[in-house]
Amino acid sequence: MVVALTVGMSNNHSLPRRGFLAGAASLAGLGAATTAQAKAALPSDFIFSDLRGSLNASTIGVRPGVLDNQSALFQEAVDAAATHGQPLFLEAGDYLVSNIDLRSGVTIVGVPGRTRIRYAGDGHLFFASGVTDVRLQGLVIDGANRLLADYAPAIIHISTGANIAIEDCSILGSIKDGIVLDRVSGRVERTTISGARSAALVSNEAEGLAIRNNVVADCADNGILVHRWQNGRDGTLVTGNRISRIRAASGGTGPFGNAINFFRADDVIATGNIIDDCDFSAIRCNACSNVQVSNNTCTNLGEVAVFVEFSFQGAVVSNNIVDGAARGISVTNFNDGGRLGVVQGNLIRNLVSAARLPTDDPVQGIGIGVEADTTVIGNVVEDATYAGITVGWGPYLRNVIASQNIVRRAPMGVAVSVVDGVGQAVVSDNMFSGTPDGAVVGMRWLDRATGDLTQTRDVPAPLTVERNRSLGV
């Protein structure tokens, strides 16, 4: 139908504003009527989708709210969407399915918060292997706490994939992990993952992955794990996530109960995350080199808030806030080859004398602990129950500078190892307030070996203590 609208023009070819608005309103009304007539002329079972160019799953018979298992039809819809290069659109409602295999090029889109895919049991929910360009968007993916098969580690498992995207989804009710990605590049973003019986998200051997702006909560063992089977470049970016209430239900002294855990993954970054209430660490980096941990807010941690441990070489821990932990920041394990760090510009307070769960550490209540080839510069530590900063542990001390820090209200300001065989350390230009057991104290493991070294010239070699200022309050 062609509709013509004629509007009279004045001699100077200008259209009066009132006449233009009236004409526009008439045209809009007529256009709406025409659209309604066009729709009425179509078959009654034709499904309109707001997603342009998409395949509506209902046209294949996959319908929301059906009580029966729709797995076969759902798989047919996935295959058709991948074959024809169309997004698969799912209307709002519940879909009961299982054993769905994702294909290369498939995009599955729902109505955020209202399209719910429920696991029917007897195997896996979503799986893909050797795929590219897979996208899940706007879906609630519910494991329904049903058993997964032994081969299925999570309700979403992608093994070897490029350009994989999971965005604007909710992942909940997994009896195991929420998402497991093996050798995957792509992104997981703006997604909520909660209620996993193990970890929220596990990445193994990533090949360029971004995990950003997600919400992770109420998981039994861990939040986000970025692991490698062997040490190597990983490059995963973990940023802007909100992670809370992570437990250590499987026990142990550190493998569980962490918001973010990097293991054997080099060149990774954790930045801008907000983390609260974890049984162990906010961010734990185990055997990772060239790692950056910066600008995170970490509160109410059960053990070490930021832990860089074991055989790492190269770590920058900067501009983080830690409020409430057994230890604030530990960059340690020189005995295992852990070395080369920068700890700068962090604000750490409220360090308690006991971890939430049993650990291997003999003492808690420490703001910052370092051991080898590390600078500790420009940090503020307040209210530590043992010491603001510890430098070295027994003979494990080499090339440490602690300078321009502020320590307030701690029994000792800096506790530095002075046992035989230690390397060089410099403690200079710091300010101490309210350190009744000494501003800078030499230690033999847990035993005091000196008095306050800021008050004497008799400083054990090779330690240098100079230009520090100590206040009474």
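Fair warning: this is a prediction, and the values are worked out from it, not measured in the lab.

About the criteria used
- Residues numbered from 1 in each chain as written.
- Predicted model: local features only at pLDDT ≥ 70, side-chain atom pairs only at ≥ 80, totals over all residues.
- Heavy atoms only, no water.
- Helix = DSSP H or I, 4+ residues; strand = E, 2+ residues; numbered from the N terminus.
- Buried < 20%, exposed > 50% of the residue type's maximum accessible area, 1.4 Å probe, protein only.
- Contact = heavy atoms within 4.5 Å.
- Areas by Shrake-Rupley, 256 points an atom, 1.4 Å probe, with all protein chains shown as cover.
- pLDDT = per-residue confidence, 0-100.
- Salt bridge = Lys/Arg side-chain N within 4 Å of Asp/Glu carboxyl O.
- Expected span 1.5 Å × (residues − 1).
- Patch = residues over 30% accessible without salt bridge, like charges linked within 9 Å, V, L, I, M, F, W, Y side chains within 5 Å.
- Phe/Tyr/Trp six-rings, centres within 6.5 Å; stacked < 30°, edge-to-face > 60°.
- 1 Å grid on protein atoms, 1.4 Å probe; cavity = no way out; pocket = protein on both sides within 12 Å on 5 of 7 lines; lining within 4 Å.
- Points joined across faces, edges and corners; volume = space filled by probe spheres on them.
- Nonpolar A, V, L, I, M, F, W, Y, C, P; charged D, E, K, R; others polar.

Glancing now at the overall build of the protein chain. For the protein chain, the helix and strand inventory stands at 2 helices and 44 strands. Counting only residues that meet the buried cut, the protein chain has 52% of its 473 residues in that class. For the protein chain, the share of sequence-separated contacts (at least 6 apart) that also reach a separation of at least 24 residues comes to 63%. When the accessible surface of the protein chain is summed, it comes to about 20,200 Å², and 51% of that surface belongs to carbon and sulfur atoms.

Attention now goes to the confidence of the model for the protein chain. Scored by pLDDT, the protein chain comes out at a mean of 90, with 89% of its residues at no less than 70. Low pLDDT, under 50, characterises residues 1–50; the predicted model gives this stretch 18 contacts beyond four residues in sequence or across chains.

Let's shift gears to the environment of V407. Along the chain, V407 turns up in strand β37 (residues 406–408). By relative accessible area, which is 0% here, V407 ends up buried. Taking the C-alpha atoms as reference points, V407 and G434, 27 residues apart in sequence, are found 8.2 Å from one another. Residue contacts for V407: discarding those within four places in its chain leaves V381, G388, I389, G413, M431, F432, S433 and T435.

Once the charged atoms of two side chains with opposite charge are near each other, the side chains can pair. Counted according to the given criterion, the structure contains 28 salt bridges. As a salt-bridge pair, E189 and R190 come within 3.5 Å of each other at their nearest N and O atoms. Between R245 and D218 there is a salt bridge, and its shortest N-O distance comes to 2.6 Å. Placement of the pair is R245 in strand β19 (residues 242–246) and D218 in strand β16 (residues 215–219), with a sequence separation of 27 residues.

All right, on to helix α2 (residues 71–84) then. Helical geometry: 3.6 residues make up each α-helical turn, so side chains three or four residues apart lie on a common side. A rise of 1.5 Å per residue sets the reference length of α2, with its 14 residues, at 20 Å; its end C-alpha atoms lie 20 Å apart and thus fit the reference within 8%. When α2 is considered as a whole, its buried residues turn out to be S71, F74, Q75, A77, V78, A80, A81 and A82.

Another aspect to go through is a nonpolar patch on the surface. Taken together, the side chains of I321, L347, V380, I406, M431 and L471 make up a nonpolar region of the molecular surface, amounting to roughly 410 Å² of accessible area. Relative to the elements of secondary structure, M431 occurs in strand β40 (residues 431–433). Overall, M431 belongs to the partly exposed group, its relative accessible area being 34%.

As a further point, take the side chain of S428. Residue position: S428 is located in strand β39 (residues 425–428). With residues near it in sequence (within four places) discarded, S428 still touches A402, S403, Q404, E466, R467 and N468.

Attention shifts here to unusual backbone geometry. The omega angle of the peptide bond from A461 to P462 is 0°, so this bond is cis rather than trans. Residue position: P462 is located in the loop between β42 (447–452) and β43 (463–466). Even without a glycine there, the phi angle at W445 is positive, about 55°. In this structure, W445 sits in the loop between β41 (440–444) and β42.

On to the packing of aromatic side chains, then. Tallying each qualifying case throughout the model produces 1 aromatic pair. For the pair F74 and F126, a centre-to-centre distance of 6.5 Å together with 45° between the ring planes defines the contact as tilted. Remark: F126 occurs in strand β7 (residues 126–132) and F74 occurs in helix α2; sequence separation between them is 52 residues. There is no split in this pair, since F74 and F126 are both buried.

To continue, consider the layout of surface pockets. Roughly 750 Å³ of volume is contained in the largest pocket. Lining of the largest pocket is provided by 38 residues; of these, F307, R327, T332, N333 and D361 occupy positions nearest its centre. Where the lining of the largest pocket is concerned, the elements lending two or more residues are β20 (258–266), β23 (283–286), β26 (304–309), β29 (327–331), β32 (366–370), β35 (387–391) and β38 (412–417). Across the lining of the largest pocket, the residue classes tally to 17 nonpolar, 14 polar and 7 charged.

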